[in-house]
Amino acid sequence: MDKGIAMLLGLQSWILYRVHVQPDRIDVYTGRPRKEARCPACGSVNRSVYDRCRQWQQKLHTWCNGLPVFLWVRPRRFRCRDCRKVFTERLPGLRPWARRTERAEAQLLEELARRSFRGAAEATGTSPNTLRRLLLRRVKDGVGLERALQDLPEVVLGIDEHSFRGRDMMITVTCVAPKRRLLALLPHDRVRLLEQFLRKLPASVRGKIRAVCIDLKEGWRRAVERALPGVPVVADPFHVIQDANRRVDEARRVEQEVTGQRIPRWPLVKNEENLTDQQAAQLAAIRKRHKNVAHFHWVKEQLRDVYRASSREEAAAILDRLILNAQEAEDAALVQWGRTLRRWRTAILAFHEHQASNGYTEGVHTKIKLIKRLSYGFRNREAYVRKMLLAFLPLAGLTARPHFLT
Ligand SMILES: [Zn+2]
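All of these numbers come straight from a predicted model, not from anything done at the bench.

Parameters at a glance
Residues numbered from 1 in each chain as written. Predicted model: local features only at pLDDT ≥ 70, side-chain atom pairs only at ≥ 80, totals over all residues. Heavy atoms only, no water. Helix = DSSP H or I, 4+ residues; strand = E, 2+ residues; numbered from the N terminus. Buried < 20%, exposed > 50% of the residue type's maximum accessible area, 1.4 Å probe, protein only. Pairing = 2+ DSSP bridges. Core = buried A, V, L, I, M, F, W, Y, C linked by side-chain atoms within 4.5 Å. Domains from an automatic or database assignment. Contact = heavy atoms within 4.5 Å. Donors = N, O, S within 2.8 Å, 3.2 Å for Na, K, Ca; no water. Tetrahedral: all angles 85-135°; square planar, octahedral: opposite > 155°, others 65-115°. Expected span 1.5 Å × (residues − 1). Arc of directions from axis to C-beta. Axes fitted to C-alpha atoms, helices over the stretch in contact; angles between N-to-C directions. Parallel < 35°, antiparallel > 145°, perpendicular 65-115°, else oblique. Lys, Arg positive; Asp, Glu negative; His and termini not counted. Salt bridge = Lys/Arg side-chain N within 4 Å of Asp/Glu carboxyl O.

**Student:** I would appreciate a short explanation of the environment of Arg 222 in the present structure.
**Tutor:** By the secondary structure assignment, Arg 222 is in helix H8 (residues 218-227). With 172 residues separating them in the primary sequence, Arg 222 and Tyr 50 have C-alpha atoms 65 Å apart.

**Student:** Would you explain the pairing of strand E10 (residues 155-165) in this entry?
**Tutor:** The side chains of a regular strand alternate between the sheet's two faces. Within E10, eight of the 11 residues are buried, which leaves it mostly tucked inside the rest of the structure. By the bridge criterion, four bridges tie E10 to strand E13 (residues 209-214) in an arrangement that is parallel. Each bridged residue has a counterpart across the sheet, and for Val 155 the counterpart in E13 is Ile 209. Pairing between E10 and strand E11 (residues 168-177): nine bridges, direction antiparallel.

**Student:** Explain the nonpolar core to me, please; I cannot follow it from the model alone.
**Tutor:** Soluble globular proteins tend to bury their nonpolar side chains together. Membership of the largest hydrophobic core comes to 70 residues, with the highest contact counts inside it found for Ile 159, Leu 198, Val 212, Leu 303, Val 306, Trp 337 and Ile 348. It is helix H13 (residues 312-327) that provides the largest number of residues to this core, a total of seven residues. Counting only domains with at least three residues in this core, you end up with domain 2 (145-236 + 359-398) and domain 3 (238-354). Leaving out residues up to four positions away in the same chain, Leu 303 has contacts with Val 240, Ile 241, Ala 244, Leu 319, Leu 322, Trp 337 and Leu 341. Listed in part, the 26 residues of the second largest apolar core include Val 139, Leu 182, Val 385 and Met 388.

**Student:** Teacher, can you tell me more about the coordination of the zinc ion here?
**Tutor:** Under ideal tetrahedral coordination, the four donors around a metal are separated by 109.5 degrees; under ideal octahedral coordination, the six donors are separated by 90 or 180 degrees. All of the protein donors around the zinc ion are Cys 39 (SG), Cys 42 (SG), Cys 80 (SG) and Cys 83 (SG); their distances to the metal are 2.3 to 2.4 Å. Taken together, the four donor atoms surrounding the zinc ion define angles of 102 to 120° at the centre, an arrangement classified as tetrahedral. Mapped onto the polypeptide sequence, the residues donating to the zinc ion form the spacing pattern C-x2-C-x37-C-x2-C. Note that Cys 42 is positioned in the loop between strand E3 (37-38) and strand E4 (45-46) and Cys 80 in the loop between strand E8 (76-79) and strand E9 (86-88), a separation of 38 residues in sequence.

**Student:** Please explain helix H11 (residues 277-289) as it appears in this structure.
**Tutor:** Residues lying three or four places apart along an α-helix face the same way, a consequence of the helix completing one turn every 3.6 residues. Along its 13 residues, H11 runs 19 Å from first to last C-alpha, staying within 8% of the 18 Å computed at 1.5 Å per residue. Of all the positions in H11, only Gln 279, Leu 283 and Ile 286 are classed as buried. Down the axis of H11, the buried side of the element spans an arc of 55°, and every buried residue falls inside it. Exposed positions of H11 whose direction lies more than 90 degrees from the buried face are Asp 277, Gln 278, Lys 288 and Arg 289. Buried residues in H11 make contact with helix H10 (266-269) and helix H12 (291-308).

**Student:** In this structure, what is going on with the sheet that holds strand E7 (residues 67-73)? I would like to understand it.
**Tutor:** Strands in a sheet are paired, the pairing made by backbone hydrogen bonds, and the direction either parallel or antiparallel. Pairing within the open sheet is mixed, and its four strands lie in the order E1-E2-E7-E6. Only two strands of the sheet have a single partner each, and these edge strands are strand E1 (15-21) and strand E6 (57-64). Each neighbouring strand pair of the sheet contributes to a mean axis angle of 25°, computed without reference to strand direction. Pairing between E6 and E7: seven bridges, direction antiparallel.

**Student:** For this particular structure, what's the right way to read the packing of helix H2 (residues 102-114) against helix H18 (residues 381-392)?
**Tutor:** A pair of packed helices can be characterised by two numbers: the angle between their axes and the separation between those axes. Remark: H2 packs on H18, axes separated minimally by 8 Å, with the N-to-C direction vectors making an angle of 95°. In terms of orientation, H2 lies roughly perpendicular with respect to H18. Seen from H2, the contacting residues are Leu 109, Leu 112 and Ala 113; seen from H18, they are Lys 387, Leu 390 and Ala 391.

**Student:** Is there a simple way to think about H18 in this case?
**Tutor:** With 12 residues, H18 extends 17 Å between its outermost C-alpha atoms, agreeing within 8% with the 16 Å of an ideal straight helix rising 1.5 Å per residue. The buried fraction of H18 is high, at nine of 12 residues. Turning to H18, its buried residues are Ala 383, Tyr 384, Val 385, Arg 386, Lys 387, Met 388, Leu 389, Leu 390 and Ala 391.

**Student:** Where do I start with the domain arrangement of the chain in this structure?
**Tutor:** Structurally, the chain comprises domain 1 (3-100), domain 2 (145-236 + 359-398) and domain 3 (238-354). Each of domain 1 and domain 2 was reduced to a C-alpha centroid, and the two centroids are 42 Å apart.

**Student:** Got a minute to help me understand the side chain of Lys 208 in this structure?
**Tutor:** With respect to the helices and strands, Lys 208 occurs in the loop between helix H7 (203-206) and E13. Here Lys 208 sits buried without a salt bridge, and the closest side chain of opposite charge, Asp 151, lies 6.4 Å off (N-O distance). Not counting residues within four places of it along the chain, the set of residues in contact with Lys 208 comprises Leu 149, Gln 150, Leu 152, Pro 153, Glu 154 and Val 155.

In structure tokens form, the structure reads like this:
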């Protein structure tokens, strides 16, 4: 049989007896070159064939021009010369009893990485359930972290959460520097789960962690400090500024209610240097008429200066002045804000040392949202986690190593 065909089908180590092309499928009858087989009971190598399985077995192997290609195999049986047991030979790229070869499984997963369960099932002539079972079996629920980070001597982890379903959240763990990659999705957002995950990291990975970037969640910070003592926490700058804008906007709404006057939002939450002339005029008016709102706005802009400062010392000076100022304010919400900033002082300033943010982690969440929209929602947490990992990670690092037993 043509060697080219064998190569196209990834069957170089087989003998092809006959290829039968039909309108809806291709059947390939194959055999193994005469070779020894190892007894699974005692491990001794045997050459004497006892007989063959009575029936030809069909195994889905690959797709060719959209047609499924089935291998037909008839494994040989051997009688072990040492322990006298009769055993069936293992075939390369095929688990015993499997209905598909490992090549077919890898291709199904590749298809699934790009599409929804339903889409991938239709394209490959399988069922969503088959794909779900395959995903759960072949894709581990986390990456081998040691392997995923083996090329990096030092890493900064990013931790953030995203919505699995409505308010049901999951934790995303990424590597944000020096290279960006998704590492794990934890199936809930409980602090204990995060702490457990960090504690269970292999020692070789823990030793590499230079910093951990999180948003302003006290529970998470304490979990990181408990699980990774001595590792600095970096407050994600985007979350810090987002939180600042939320507080400014809240002050604006309170002031609106109290005074009955409409106060525009954009002049307050937009970066001051990007305001249009009209917005700048509106901001000037707010400063005159609504001193308290203007005070919140000042704190926010100062906080941005903390990030724009050229050194950690300069940033610390701005931050300390602003914390003092906020804590002495008359507005309770501003005092509260000052306290929060004081608690996060080290983590905010740590940005100057590590330059880390969760921008990449946010990007992961955007892609996850897109996949969810294409997939008509997920009910099963396990399938969700692994489907997302499948979409982000190179297949080679993710799937169980195919075993080649000859
Ligand atoms: Zn034996």
